[in-house]
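Coordinate analysis (summary)
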Amino acid sequence: MVVLGAGPAGLTLGNVLIDAGIDCVILERTSRRQVQTRTRAGFLAENTVRILERHGLADGLRRRGREHSRCEFRTEDGRFALDYAGLGRGERHTVYPQQELVSDLLACFLAAGGRIRFETEASAVLDADTDRPRVLVRDRDGRPDRWRARYVAGCDGRHGAARNSLPPGAVRRHHSDHGLSWLGLLAEAPPSMPAVAYAVHGRGFAGHMARTAEVTRYYVQCERGTSAESWSEDRIWDELALRMRTADYGPLNQGRVIQRGIVDLESDVLEPLRHGSLFLAGDAASLLSPSAAKGANLAVLEAEILGQALIADLLRGDSAGLERYSDQCLSVIWRAQEFSHWMIRLLHDVPGPDSSFQHALRRSRLASLRTSRSRQNWFAENYVGV
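Presented here is an overview of the structure given in this document.

**Points about the overall build of the chain**
- Assigned secondary structure in the chain consists of twelve helices and 20 strands.
- In terms of overall dimensions, the chain has a C-alpha envelope of 60 × 40 × 40 Å along the principal axes.
- Among the 386 residues that make up the chain, the fraction classed as buried is 54%.
- Partitioning the intrachain contacts of the chain with sequence separation of at least 6 by distance along the chain shows that 71% fall at a separation of at least 24.
- Surface accessibility of the chain: about 16300 Å² in total, with carbon and sulfur atoms responsible for 45%.
- Counting 51 positive and 48 negative side-chain charges, the chain places the centres of these two groups 1 Å from one another.

Here it is as structure tokens:
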């Protein structure tokens, strides 16, 4: 088994397979240091935690993760908070930075004897319509090489070799560019509140998300095409203060901005998630906007589903799980996409000829979320669920 990519999907899958005695190798185009330091999401759903516990992969997050069950909305009509652990299915998040999760998964994989090749970039997956697909790679010195396996799992992202190797017509791509961009920041500053905060403002969205006791994630809506470097730290903190209405609700803890980047809000799904002996998982299968915080959670879920299906096929000759894999995952992916789309419309004024109508609809959605228990239950179930 060849697994492309050492993110949450690839490493979860590798751990599931090696625990069952199935030989696999993970090929990762970046260095080990980059894998363990690249920052992504940090909110794990209860179902994700259960999956990791089921496979003995949750020791780190149980020691260092923090339970989180509250979100706050700040709007032109005031602010309100939802304690979502008391709503819906009564589930909460565990805040655990993705780089720490990836480090845990990598350590478990290596401790179990797993093989991983860093700085080994896959360039193509060939013969995926046969039972002996080939993966063409270049190693860290630029030398060409190839790997053969019964199956290949493409967990190498939306621009990776797995997606790029799909022949024309093999899959259908569903794509939506929402026309919105965020400046994403990591600040060396303690969280300013015990909740995730979503600020809806006439100048655009702003968000506050705790990561650790010393680091906080912020988002600031910006113009499409904006350079992250064009935002000075003074401008960042002034804009966050304005949009999060600190004059009304108290100041933010400020600190040095240690990372910044532009996120264009897009949604992307491939269908089906299988082409012969090649399977897609994680960002190679689908991409969500960060408004729903579900990317890593979907990756772990898809990896477990694929891992169990591969175990059944390779050890027992039962291919039914592999036949169901795409449909099973897509049903969850589209539900997550629907909620992500709803959140985008909740948090942003969408420009266009009917912008005043859309603005009024957004205010109505927020009012319903503030006052309707049934809408709060729906929000809580979808906010945490995958």
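From this point, things continue past the structure.
**Quick notes on the sheet that holds strand β2 (residues 25–27)**
- Within the open sheet, the six strands sit side by side as β8-β2-β1-β12-β19-β18. Their pairing is mixed. Each of the sheet's edge strands pairs with one partner strand only, and the pair in question is β8 (115–117) and β18 (274–275).
- By the bridge criterion, three bridges tie strand β1 (residues 2–4) to β2 in an arrangement that is parallel. Across the sheet, Val3 pairs through a bridge with Ile26, a residue of β2.
- Contacting β1, β2 and β12 (152–154), helix α1 (residues 8–19) runs over the sheet at an angle of about 170° to β2.

**A short note on the environment of Val152**
- As for its position among the elements, Val152 is in strand β12.
- Val152 gets classed as buried once you look at its relative accessible area, which sits at 1%.
- In this structure, the C-alpha to C-alpha distance between Val152 and Val3, residues 149 residues apart in sequence, is 5.8 Å.
- Those residues in contact with Val152, other than ones at most four positions away along the chain, are Met1, Val2, Leu4, Val125, Pro133, Val135, Ser277, Leu278 and Phe279.

**As for the packing of α1 against helix α9 (residues 295–316)**
- Between α1 and α9, the shortest axis-to-axis distance is 8 Å and the interhelical angle comes to 30°. What the angle tells us is that α1 and α9 run roughly parallel. Crossing of α1 against α9: the hand is right-handed. Facing α1, whose interface residues are Pro8, Ala9, Thr12, Leu13, Val16 and Leu17, α9 presents Ala299, Val300, Ala303, Leu306, Gly307, Gln308, Leu310 and Ile311.
- Class assignment for the residues of the contact of α1 with α9 results in eleven nonpolar, three polar and no charged.

**Let's talk about the packing of aromatic side chains**
- What the rule picks out here adds up to 18 aromatic pairs.
- With 5.3 Å between their ring centres and 25° between their planes, Phe73 and Tyr198 make a pair best called stacked. One end of the pair, Phe73, is in strand β5 (residues 70–75); the other, Tyr198, is in strand β14 (residues 196–199), and 125 residues separate them in sequence. Comparing Phe73 with Tyr198, the two get one shared label, buried.
- Pairing Trp182 with Phe205 gives two aromatic rings, centres 4.8 Å apart and planes at 25°, and the pair type is stacked. Of this pair, Trp182 sits in strand β13 (residues 172–188) while Phe205 is found in the loop between β14 and β15 (206–210), placing the two residues 23 residues apart along the sequence.
- Given a relative accessible area of 0%, Trp182 falls into the buried group.
- Members of the aromatic cluster, connected to one another through ring pairs, are Phe73, Phe80, Tyr84, Trp182, Tyr198, Phe205, Tyr219, Phe339, Trp342, Trp378, Phe379 and Tyr383.
- Geometry around Tyr151 places Arg150 over its ring, the cationic atom sitting 4.2 Å from the centre.
- In this structure, Arg235 is placed above the aromatic ring of Trp231, and the distance from its NZ or CZ to the ring centre is 3.8 Å.

**Re the sheet that holds strand β9 (residues 121–126)**
- Ordered in space as β9-β10-β11, the three strands form an open sheet in which the pairing is antiparallel. What marks the edges here is a single partner per strand, and that holds for β9 and β11 (144–148). On average, adjacent strands in this sheet sit at an angle of 25° to one another, irrespective of strand direction.

**Some remarks on the nonpolar core**
- If you look at the biggest cluster of nonpolar residues, it comprises 73 residues, and the most contacted ones within it are Met1, Val2, Leu4, Leu13 and Val135.
- Per element, the largest residue contribution to this core is ten residues, and it comes from α9.
- When near neighbours in sequence (up to four residues on either side) are disregarded, Met1 contacts Leu13, Leu17, Asp23, Cys24, Val25, Ala149, Tyr151, Val152, Ala153 and Leu310.
- Judged by nonpolar contacts, the second largest core, of 31 residues, contains Phe80, Met209, Leu265 and Met343.

**Comments concerning the packing of α9 against helix α10 (residues 320–347)**
- Contact pair α9 / α10: the axes reach a minimum separation of 9 Å and the direction vectors enclose 170°. Classified by the angle between their axes, α9 and α10 sit roughly antiparallel to one another. The segment α9 lies against α10, with Leu298, Leu301, Glu302, Ile305, Leu306, Ala309, Leu310 and Asp313 engaging Gly321, Leu322, Tyr325, Gln328, Cys329, Val332, Ile333 and Ala336.
- Along the lines of polarity and charge, the residues of the contact of α9 with α10 split into twelve nonpolar, two polar and two charged.

**Some details on unusual backbone geometry**
- Residue Glu271 is joined to Pro272 through a cis peptide bond whose omega torsion reads 0°.
- At Glu119, a position not held by glycine, the phi torsion is positive, near 50°.
- Tracing the backbone through its elements, the reader meets Glu119 in the loop between β8 and β9.
- Residue Asp127 is not a glycine yet carries a positive backbone phi of 60°.
- With respect to the secondary-structure elements, Asp127 resides in the loop between β9 and β10 (134–138).
- Relative accessible area serves as the criterion here: at 30%, Asp127 is assigned to the partly exposed category.

What counts, and where the lines are drawn
Residues numbered from 1 in each chain as written. Predicted model: local features only at pLDDT ≥ 70, side-chain atom pairs only at ≥ 80, totals over all residues. Heavy atoms only, no water. Helix = DSSP H or I, 4+ residues; strand = E, 2+ residues; numbered from the N terminus. Buried < 20%, exposed > 50% of the residue type's maximum accessible area, 1.4 Å probe, protein only. Contact = heavy atoms within 4.5 Å. Areas by Shrake-Rupley, 256 points an atom, 1.4 Å probe, with all protein chains shown as cover. Lys, Arg positive; Asp, Glu negative; His and termini not counted. Charge placed at Lys NZ, Arg CZ, Asp CG, Glu CD. Pairing = 2+ DSSP bridges. Axes fitted to C-alpha atoms, helices over the stretch in contact; angles between N-to-C directions. Parallel < 35°, antiparallel > 145°, perpendicular 65-115°, else oblique. Left-handed = near helix turned anticlockwise from the far one by under 90°. Nonpolar A, V, L, I, M, F, W, Y, C, P; charged D, E, K, R; others polar. Phe/Tyr/Trp six-rings, centres within 6.5 Å; stacked < 30°, edge-to-face > 60°. Lys NZ or Arg CZ within 6 Å of the ring centre and 35° of its normal. Core = buried A, V, L, I, M, F, W, Y, C linked by side-chain atoms within 4.5 Å.

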